[in-house]
Amino acid sequence: MNGVLALSGRLQARHLLIGLMLAFIGLFLVLPLVSVFAEGLSKGFAAYGAALVQPDAQSAIKLTLLVAAISVPVNVVFGVMAAWAIAKFDFPGKSLLITFIDLPFSVSPVVAGLIYVLMFGMQGWLGPWLRDYDIQIIFAVPGIVLATIFVTFPFVARELIPLMAEQGRDDEEAALSLGASGFQTFLRVTLPNIRWGLLYGVLLCNARAMGEFGAVSVVSGHLRGLTNTMPLHVEILYNEYNFVAAFAVASLLALLALVTLVLKSIVEWRFDYQRGSVGH
Amino acid sequence: MIRLDSISKRYGAYQALDNINLDVRDGEFLALLGPSGSGKTTLLRIVAGLAFPDHGSVLFNGEDVTDLKVAERKVGFVFQHYALFKHMTVADNIGFGLSVRKRRERPSKAAIRARAEELLDLVQLRGLGDRYPAQLSGGQRQRVALARALAVEPQLLLLDEPFGALDAQVRKELRRWLRHLHDQMGLTSIFVTHDQEEALELADRVVVMDHGVIEQIGTPEEVYMAPRSSFVSNFVGETNSLPVSVRDGQAHFFDRHIAIEAERMPDGPARLDFRPHDVTVGDEQPGCLPLLVTGVYRRGGDWRVEGEVTGVDRTIEVNLDARMPAPEVGKRLAIKVQRAKLFQLSEVKP
């Protein structure tokens, strides 16, 4: 009798915990997400569409895509290089390098933005030199790209370092001993070994590159139609009480998040599958 | 012929290899034998061009290849954990070395495939070319790794603990087969192992290493029967060690005289090493050791008797003919050592 009571008690606790979790997620995650779409569509599809084709919105979307198109490939290249160096070679200062790679995660994005203003701004270290050559970085697209690269740097490297360290050097050494060049080894052996981890890192990196607000906000200057990315554009519209337009653009970002989430799940599933079949 | 000339290698404060000199003859099957940390794998990697010595040189047929990278040395390397490319089929794995050649030296796709099939036949895996490594057993994977290494027709085959990841039965089968393949193809091979049984069974010559130096080079027979140091006699085969002292060409275990040749030994403390099968049961005559029997079990045609000798920390193990009645546990046996090696204590490493 006692056992049955204990069992039903445990069942109740389980249901209670699951219920609480669902309620929490519903209240704090799903409901806000739904409300973004609801607000965006509150004046109908025509107003929603109009907000998106408006020239400033269009330029914000284009700029966001441009920034992601530059910063993601750059971080893929540097992330793979950093992960390769850390996972496959032993050298002094290795742990320091790992710490530096994590720096963007631990620094507030606003500080990251300010660093670039201090470096490249008019009053910054390189400001006079840049002005002499008529190069504008702060309050222009280059600054936004630089800040985004800084903030998103760890995603690819962080994903690859443990994966490459776990895989060791044997495969690469085998390829080299068979006469392959370094580049052939990377392309035909290393890259296939890390492809799912790399894709996962790229997805996270891309989501952050498109959604970054703080660092970009500091360096952008908020010039409408010129240096506004989508998150900045949303803020401006919201501050102007233009809720439908603000939420319409915001819903695009939310949609991006959802697509990323689905792709991430697919990649994770493939990744686990591949890992599961590795065993010796 | 491969010649290693005064090779040294240091990792930080750790001396991995200390002045190694070694010649490997053409057609030879050579074993590098030693405990972990003895430097045997580092030496193999230096021969391969996967690691580079701080001092000394590596010569292939008189040509200095010390600064050549692994890709330029034309060696086949087989890894303990196979290192097969898991996203490629077995045939693509085997053909990899041919497919990465420069365009004008590269055989056609069909020719590479044909060569892969040929090698699959050689390693007795016909018909498995379209499988993936994950679908093969450990022994099969190591055969594929071997076929892949042989595909580029290396002048030297290097194997790093090639059977280490396999279970006992497969290991035994595969190593005999490998020896056979080596002879059949006229290869020159060096393999690294920590398993003395494997080294003695397979190799033409065994190089026993410890702490980055070569302790002895010799045929399996020489290394087993005439160990040059106490380390070798303890590492290769089973050995019992007794602390003895030498006085006037006579070995003494405490006050007991041991009838072992010690004529050329200087006076002083020494170590007496003898194999478990180099003893007989004597009567209580001088020159015998009193062994208190603590355990007896059958090992093939012998009794394996474990016992204690007063004044020795380690259990003494001896083999006695199982056609005799088994000794009783708790009884004392008088053991007569028939064959032993004496090592001066100053030569014995701690």
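Our structure is the block above this text.
Residues numbered from 1 in each chain as written. Chains lettered and ligands numbered in written order. Predicted model: local features only at pLDDT ≥ 70, side-chain atom pairs only at ≥ 80, totals over all residues. Heavy atoms only, no water.

> Is there a simple way to explain the overall build of chain A in this structure?
Within chain A, the regular secondary structure consists of 12 helices and 0 strands. Each helix (α) and strand (β) of chain A, taken in turn from the N terminus, gives the series α-α-α-α-α-α-α-α-α-α-α-α. Computed over C-alpha atoms, the radius of gyration of chain A comes to 24 Å, more than 25% over the 19 Å expected from 2.2 N^0.38 for 280 residues, which places it beyond the range of a compact globule. Buried residues in chain A amount to 40% of all 280 residues. Accessible area of chain A: about 15,300 Å², with a carbon and sulfur share of 72%. (Helix = DSSP H or I, 4+ residues; strand = E, 2+ residues; numbered from the N terminus. Rg over C-alpha atoms; globule rule 2.2 N^0.38 Å. Buried < 20%, exposed > 50% of the residue type's maximum accessible area, 1.4 Å probe, protein only. Areas by Shrake-Rupley, 256 points an atom, 1.4 Å probe, with all protein chains shown as cover.)

> What is the right way to read the sheet that holds strand 15 (residues 279-281) of chain B from this model?
The strands that make up a sheet are held in pairs by hydrogen bonds between backbone atoms, and each pair lies either parallel or antiparallel. Residues and elements named next belong to chain B. Read across the sheet, 5 strands follow the order 15-19-16-17-18 without closing on themselves; strand pairing throughout is antiparallel. Whereas interior strands pair on both sides, the edge strands pair on one side only; in this sheet they are strand 15 and strand 18 (316-321). Taking the axes of each pair of neighbouring strands and ignoring which way they run, one obtains an average angle of 50° across the sheet. With 4 bridges joining them, strand 16 (residues 289-299) and strand 19 (residues 332-337) adopt antiparallel strand pairing. (Pairing = 2+ DSSP bridges. Axes fitted to C-alpha atoms, helices over the stretch in contact; angles between N-to-C directions.)

> I keep staring at the layout of surface pockets and nothing clicks. Help me out?
It is a probe the size of a water molecule, rolled over the atoms, that shows where empty space is left. The space that makes up the largest pocket amounts to roughly 550 Å³. Surrounding the largest pocket, 20 residues form its lining, Phe89, Glu172, Glu173 and Leu176 of chain A together with Leu50 of chain B being those nearest its centre. Residue assignment for the lining of the largest pocket shows that the elements contributing at least two residues are helix 3 (55-88), helix 8 (170-177) and helix 9 (182-211) of chain A. The element contributing the most residues to the lining of the largest pocket is helix 8 of chain A, with 3 residues. Of the residues belonging to the lining of the largest pocket, the class tally is 8 nonpolar, 4 polar and 8 charged. (1 Å grid on protein atoms, 1.4 Å probe; cavity = no way out; pocket = protein on both sides within 12 Å on 5 of 7 lines; lining within 4 Å. Points joined across faces, edges and corners; volume = space filled by probe spheres on them. Nonpolar A, V, L, I, M, F, W, Y, C, P; charged D, E, K, R; others polar.)

> Would you mind showing me how to read the sheet that holds strand 5 (residues 63-64) of chain B here?
Residue and element names in this part refer to chain B. With antiparallel pairing, 4 strands are arranged side by side in an open sheet as 2-1-4-5. Every other strand in the sheet has two partners, leaving strand 2 (14-24) and strand 5 as the edge strands with one partner each. Sheet topology note: the strand 1 (residues 2-11)/strand 4 (residues 55-60) ladder contains 5 bridges and is antiparallel. The residue bridging Arg3 from the neighbouring strand is Leu59, located in strand 4.

> Explain the side chain of Asn93 of chain B here, please?
Residue and element names in this part refer to chain B. Mapped onto the secondary structure, Asn93 falls in helix 2 (residues 90-99). For Asn93, a relative accessible area of 0% puts it in the buried group. For Asn93, the side chain forms a polar contact with the main-chain nitrogen of Phe85, separated by 2.8 Å. Residues within four places of Asn93 in sequence aside, it is in contact with Leu84, Phe85, Met88, Pro133, Val144 and Arg148. (Polar contact = N/O pair within 3.5 Å; in protein donor to acceptor, adjacent residues only side chain to side chain. Contact = heavy atoms within 4.5 Å.)

> Would you mind showing me how to read the packing of aromatic side chains here?
Working definition: an aromatic ring pair is given by the centre-to-centre distance plus the angle between the planes. Taken as a whole and assessed by the stated rule, the structure comprises 13 aromatic pairs over all chains. With 5.2 Å between their ring centres and 80° between their planes, Phe105 of chain A and Phe155 of chain A make a pair best called edge-to-face. Linking Phe105 of chain A in helix 4 (residues 94-106) with Phe155 of chain A in helix 7 (residues 141-167), this pair joins segments that are 50 residues apart in sequence. Judged by relative accessible area, Phe155 of chain A falls into the buried class, the value being 15%. Ring geometry for Phe29 of chain B versus Phe191 of chain B: centroids 5.2 Å apart, planes at 55°, classification tilted. Placement of Phe29 of chain B in strand 3 (residues 29-33) and of Phe191 of chain B in strand 8 (residues 189-193) is noted, with a sequence separation of 162 residues between them. By relative accessible area, which is 0% here, Phe191 of chain B ends up buried. Chaining the aromatic ring pairs together yields one cluster made of Tyr238, Tyr241, Phe243 and Phe247 of chain A. The lysine or arginine in question, Arg275 of chain B, covers the ring of Tyr224 of chain B, its NZ or CZ lying 4.1 Å from the ring centre. (Phe/Tyr/Trp six-rings, centres within 6.5 Å; stacked < 30°, edge-to-face > 60°. Lys NZ or Arg CZ within 6 Å of the ring centre and 35° of its normal.)

> Is there a simple way to think about the nonpolar core in this case?
Soluble globular proteins tend to bury their nonpolar side chains together. All names here are of chain B. With 42 residues, the main nonpolar core has Ile94, Leu146 and Leu157 as its most contacted residues. It is helix 4 (residues 138-150) that contributes the most residues to this core, 6 residues altogether. Apart from residues no more than four positions distant in its own chain, Leu157 is found in contact with Gly76, Val78, Leu146, Ala149, Leu150, Leu187, Thr188, Ser189 and Ile190. Residues Ile2, Leu17, Phe85 and Val100 belong to the second largest nonpolar core, which totals 40 residues. (Core = buried A, V, L, I, M, F, W, Y, C linked by side-chain atoms within 4.5 Å.)

> Just checking my understanding: could you explain a positive patch on the surface for this structure?
Positive charge collects at one region of the surface, where Arg188 of chain A together with Arg103, Arg106 and Lys109 of chain B lie side by side. Looking at the element boundaries, Arg103 of chain B is found in the loop between helix 2 and helix 3 (109-122). The exposure class of Arg103 of chain B is exposed, given its relative accessible area of 69%. (Patch = residues over 30% accessible without salt bridge, like charges linked within 9 Å, V, L, I, M, F, W, Y side chains within 5 Å. Salt bridge = Lys/Arg side-chain N within 4 Å of Asp/Glu carboxyl O. Lys, Arg positive; Asp, Glu negative; His and termini not counted. Charge placed at Lys NZ, Arg CZ, Asp CG, Glu CD.)

> Honestly, helix 8 of chain A in this entry has me stumped. Any pointers?
Each α-helix turn comprises 3.6 residues. Residues three or four places apart therefore point the same way. When you tally the buried positions in helix 8 of chain A, you get 6 out of 8 residues, the bulk of the element. For helix 8 of chain A, the complete set of buried residues consists of Asp171, Glu172, Glu173, Ala174, Ala175 and Ser177 of chain A. Contacts from the buried residues of helix 8 of chain A go to helix 3 and helix 9 of chain A together with helix 1 (40-48), strand 6 (75-78), helix 2 and helix 4 of chain B.

> What should I look at first to understand the interface of chain A and chain B in this one?
Quoted interface sizes are often the accessible area lost when the parts come together. The interface of chain A with chain B comprises 20 residues on the first partner and 24 residues on the second. Both faces considered, chain A and chain B share a buried interface measuring about 2,000 Å² in area, 59% of it formed by carbon and sulfur atoms. Summed over the three residues of chain A that lose the most area to chain B, namely Ser177, Leu178 and Arg188 of chain A, the buried surface amounts to 33% of that side. The tally of links between chain A and chain B comes to 2 salt bridges. Glu173 of chain A serves as the salt-bridge partner of Arg45 of chain B, at 2.6 Å between the closest nitrogen and oxygen. Applying the counting rule to chain A against chain B returns 4 residue pairs in polar contact (both at pLDDT 80 or more). Of all the elements in the fold, those that place two or more residues in the side of chain A that touches chain B are helix 8 and helix 9 of chain A. Residue composition of the side of chain A that touches chain B, by class: 8 nonpolar, 7 polar and 5 charged. (Buried area = accessible area lost by both parts, 1.4 Å probe.)

All we've got here are geometric facts, nothing functional implied.
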